[in-house]
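# Breakdown of the fold
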Amino acid sequence: MQTRTWLLVVAIASAAANAQPRTVVYEGARLIIGDASPPIESGAFIVQNGHITAIGPRGSIHAPAGAARIDLTGKTVMPALNNIHLHIGYEGFVSWGVENHTPENVLDHLEREAFYGAGTAMTMGDQPLAFAIRFQQDQLAGKFPPAARFFFAAGMAPPGGGPDALLIQGTTPLHAVHEVSTPAEAVQAVREIAGLKVKQVKFWVDNRDNARGGMKKMPPEVYSAIIQEAHQHGMIVHAHATNLQDQKGVVQAGVDVLVHTVMAEKVDDEFLAILKDKKPYWAPVMGLGDRSELCDGLNPFIEQVLPDSVVEDIKAGRTWLPSSPCAAPANAQFARREENLKYNFPKYLAAGARIVLSTDAGVSAKYAYGFAEHHEMRMYANLGMAPAQIIVAATSRPTEVLRIQDTGMLAKGKRADFLVLNANPLDNIRNAREIDAVYLYGAKLDRETLRAKFKQAVVDRDALAAKSKKDYVPHPPSSRKAAE
Ligand SMILES: [Zn+2]
């Protein structure tokens, strides 16, 4: 009941903010529903007040008098993408760090997501909660221009553990991660998070030994306590675990979303039996370890949103999270990773892991907001998934994790969050890159203006941060002091 009331408030606020007042009929396109049902080859749908009010084969839909008509003959329409795992706020493309963490920069990242077709994006365990709650409320109240909807998970890790060597430079000064050593501390932290009505929590198991030396892993009794307590409060729990032993442990302990794919070894029968039993959602987040697509030659799809200097930096390996230059030859470790992926990925799926679109974008410009989704989907295809199944993983299934029912499919009653494509992604998922238009809440996104903004070489981050600190209280005083 509480959720429904909240959604209603959201709908009213957003409708006031950016929905188109008139009724529009979109007709003639192939319609991909988003739930793996067959597409409607020549379809029509009506959008009113940001929502789809009718959908079906062309001719079966009767538009109200005075409705505007948009002919989409030859196009394909699919639901907007929904990304359940990325890292928002710290990337500045010509800089990376806590100084970039402002509402304006968070909005910039959400605009980039929307530019490439994402309707929602969930940042994972990396935000100070007071900031994230305020930002989400402000977005719902219509205070920001159209962008992907902001979702977030609270973060938990052992002291000094958690995010990778770069991300932790942002999360530590902002006290974004709850540090816990014992089951009792874990329960206490979950209760605090639940008290803020935050419904998602992520924990990191890794000890990050190589980078930081001798850190302690989160032991099973601590993460089991997190999972049990979080489930008491109706929360969704995401577990970052990268090796086979830890993945077995967290799935066995009942985590809702398994994050990462075992890359360094092959999965075994014991793990597959655990997956079959538990059937967790799975955020494989694989593409960050890939070579940049910019290494394969001209790539207007990616280059259109990056300053030229950033394109050159990526090719040369000058990224904040260390990466190889394009000129570096593939090494034996990379070949082994590829071999293990080819072996492991289909086995996760066959065992019942419910794959959900997720990218880990936000720690490297080479794999950033929006275009990372399209790379990740191409990987799914290369590893054997059919386009129709990839579309389910990228549109409707993420809403199960986000716990929202208002988007993710082309269906009566859903928000009009959709992509108009010049080619059919059911033939080849790469065709999802052929974006003619993005509509969010029934309004067409001004992609040209966004593209020009993204392409600008240098943003004056100092001025941005100064303005933000004046107008906004993004962080509690103690963490703000540490950040400065
Ligand atoms: Zn991540």
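Residues numbered from 1 in each chain as written. Predicted model: local features only at pLDDT ≥ 70, side-chain atom pairs only at ≥ 80, totals over all residues. Heavy atoms only, no water.

### A short note on the coordination of the zinc ion
Donor atoms from the polypeptide that bind the zinc ion are H85 (NE2), H87 (NE2) and D360 (OD), placed at 2.0 to 2.2 Å. The motif formed by the donor residues of the zinc ion, counted along the single chain, is H-x1-H-x272-D. Taken together, the positions of H85 in strand 7 (residues 81-86) and D360 in the loop between strand 15 (354-355) and helix 13 (371-382) put the pair 275 residues apart, joining distant regions of the chain. Considered together, H85 and D360 belong to a single accessibility category, that of buried residues. (Donors = N, O, S within 2.8 Å, 3.2 Å for Na, K, Ca; no water. Helix = DSSP H or I, 4+ residues; strand = E, 2+ residues; numbered from the N terminus. Buried < 20%, exposed > 50% of the residue type's maximum accessible area, 1.4 Å probe, protein only.)

### Side note on unusual backbone geometry
Phi is positive for F93, close to 70°, though the residue is something other than glycine. As for its placement among the helices and strands, F93 is situated in the loop between strand 7 and helix 2 (103-115). Not every positive phi belongs to a glycine, and D360 is a case in point at roughly 70°.

### Remarks on empty space enclosed by the protein
If you walk through the whole model with that rule in mind, you get 4 cavities of 30 Å³ or more. Counted as a void, the second largest cavity has a volume near 60 Å³. Lining the second largest cavity, in full, are G287, D290, R291, S292, E293, I302, K366, Y367, F371 and H375. Residue classes in the lining of the second largest cavity are distributed as 3 nonpolar, 3 polar and 4 charged. (1 Å grid on protein atoms, 1.4 Å probe; cavity = no way out; pocket = protein on both sides within 12 Å on 5 of 7 lines; lining within 4 Å. Points joined across faces, edges and corners; volume = space filled by probe spheres on them. Nonpolar A, V, L, I, M, F, W, Y, C, P; charged D, E, K, R; others polar.)

### Some remarks on the sheet that holds strand 16 (residues 418-421)
A sheet is described by the order of its strands in space; here 5 strands give the open sequence 2-6-16-17-18, paired in mixed fashion. The outermost strands of the open sheet, each flanked by one partner alone, are strand 2 (30-31) and strand 18 (443-444). Here strand 2 pairs with strand 6 (residues 76-79) via 2 bridges, running parallel. Looking across to strand 6, one finds that R30 is bridged to T76. (Pairing = 2+ DSSP bridges.)

### Some thoughts on the pattern of salt bridges
Pairing between side chains of opposite charge can happen when the charged atoms of each approach one another. Applying the stated rule across the entire model yields 22 salt bridges. Across the pair R30 and E41 runs a salt bridge, and its minimum N-O distance is 2.9 Å. One end of the pair, R30, is in strand 2; the other, E41, is in the loop between strand 2 and strand 3 (43-48), with 11 residues separating them in the sequence. In this structure E41 comes out as partly exposed when scored by relative accessible area, which is 49%. (Salt bridge = Lys/Arg side-chain N within 4 Å of Asp/Glu carboxyl O.)

### A closer look at helix 13
In a regular helix each residue adds 1.5 Å, so 12 residues correspond to 16 Å; helix 13 covers 17 Å between its end C-alpha atoms and thus fits that length. With 9 of 12 residues buried, helix 13 is to be regarded as a mostly interior element. Among the residues making up helix 13, those that are buried are F371, A372, E373, H374, H375, E376, M377, M379 and Y380. Backbone geometry just after helix 13 places G384 at a positive phi near 110°. (Expected span 1.5 Å × (residues − 1).)

### Some remarks on the sheet that holds strand 4 (residues 51-57)
Spatially, the 4 strands line up as an open sheet ordered 4-3-1-5, and their pairing is mixed. The open sheet has two edge strands, strand 4 and strand 5 (68-71), and neither has a second partner. Here the average twist between neighbouring strands, direction ignored, is 20°. The sheet contact formed by strand 3 and strand 4 spans 6 bridges and is antiparallel. Along strand 4, the bridge assignment pairs Q48 with H51. (Axes fitted to C-alpha atoms, helices over the stretch in contact; angles between N-to-C directions.)

### Overview of the pairing of strand 9 (residues 149-157)
Strand 9 sits mainly inside the fold: 9 of its 9 residues count as buried. Judged from the 5 bridges that link them, strand 8 (residues 118-124) and strand 9 form a sheet pairing that is parallel. Within strand 9, the position partnered with T123 by the bridge is F152. With 3 bridges joining them, strand 9 and strand 10 (residues 177-179) adopt parallel strand pairing. What sits directly across from G155, in strand 10, is V177.

### Some details on the packing of aromatic side chains
Tallying each qualifying case throughout the model produces 19 aromatic pairs. Plain terms: the ring middles of F271 and Y348 are 5.4 Å apart, the flat faces sit at 75° to each other, and that makes the pair edge-to-face. With F271 in helix 9 (residues 269-278) and Y348 in helix 12 (residues 332-350), this residue pair connects regions lying 77 residues apart in the sequence. Comparing F271 with Y348 shows no difference in burial state: the two are buried. Judged by centre distance (5.4 Å) and plane angle (45°), the ring pair of W282 and F345 falls under tilted. Taken together, the positions of W282 in strand 14 (residues 281-283) and F345 in helix 12 put the pair 63 residues apart, joining distant regions of the chain. Of the two residues examined, W282 and F345, each falls in the buried class. Taken together, the ring pairs connect F115, Y116, F301, F371 and F454 into an aromatic cluster. (Phe/Tyr/Trp six-rings, centres within 6.5 Å; stacked < 30°, edge-to-face > 60°.)

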